[in-house]
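Observations on chain architecture
One-letter residues, chain by chain:
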Amino acid sequence: MYGLGKLEREPKSYIVVDGFEYMDSKLRPITIKPDFIDENKGVIIEIKGWATPVFAMRWKLFKRYLALNNLQYKLYVVKATQKDITQAISEIKKEHYGG
């Protein structure tokens, strides 16, 4: 895709906070599902039209999850404009795919 190797579209979700019970209520886990992942190159790309405060919290929890699990990924958050996507693809190609 876009000359970026083996990027997979939303291949999996990560649980960043486990579900739990509180006063007879079951609360679901907090998850995040990045838009693109290349496991071989250690790249995760998230495309956002508008980064809400909820996204900012999830992204921070996701970084914590990666740190606690000793997972080393280069993370990219890209605005969903054609210009920003094209620029990000160019930067990612140079840094991770030799082009």
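One can find the structure itself at the top, above this paragraph.
What you see is a predicted model, and the numbers here were worked out from it, not measured in a lab.

Quick look at the overall build of the protein chain now. The helix and strand tally for the protein chain stands at two helices and eight strands. Ordered by position from the N terminus, the helices and strands of the protein chain form the series β-β-β-β-β-β-β-α-β-α. With respect to the three principal axes, the spread of C-alpha positions in the protein chain is 55 × 30 × 20 Å. Across the 99 residues in the protein chain, those meeting the buried criterion constitute 27%. Across the protein chain, the fraction of contacts at a sequence separation of at least 24, relative to all contacts at a separation of at least 6, is 56%. In the protein chain, 17 side chains carry a positive charge and 12 a negative one; their mean positions are 4 Å apart.

With 15 residues, helix α2 (residues 82–96) should cover 21 Å at 1.5 Å per step; its first-to-last C-alpha distance of 21 Å lies within 8% of that length. Among the residues of α2, those classed as buried are A88, I89, I92 and H96. Seen end-on, α2 carries its buried residues on one side only, within an arc spanning 105°. Of the residues in α2, the exposed ones pointing more than 90 degrees away from the buried face are K83 and K94. Next to the buried residues of α2 lie β7 (43–48) and β8 (74–79).

Turning next to the nonpolar core. The tendency in soluble globular proteins is for nonpolar side chains to be buried side by side. Counting residues in hydrophobic clusters, the biggest one holds ten residues: Y14, V16, I32, I37, I44, F55, W59, F62, L66 and Y73. Listed in part, the nine residues of the second largest apolar core include L7, V43, Y76 and Y97.

Here is what the cut-offs are and how they apply
- Residues numbered from 1 in each chain as written.
- Predicted model: local features only at pLDDT ≥ 70, side-chain atom pairs only at ≥ 80, totals over all residues.
- Heavy atoms only, no water.
- Helix = DSSP H or I, 4+ residues; strand = E, 2+ residues; numbered from the N terminus.
- Buried < 20%, exposed > 50% of the residue type's maximum accessible area, 1.4 Å probe, protein only.
- Contact = heavy atoms within 4.5 Å.
- Lys, Arg positive; Asp, Glu negative; His and termini not counted.
- Charge placed at Lys NZ, Arg CZ, Asp CG, Glu CD.
- Expected span 1.5 Å × (residues − 1).
- Arc of directions from axis to C-beta.
- Core = buried A, V, L, I, M, F, W, Y, C linked by side-chain atoms within 4.5 Å.

Any link to function would need more than the numbers given here.
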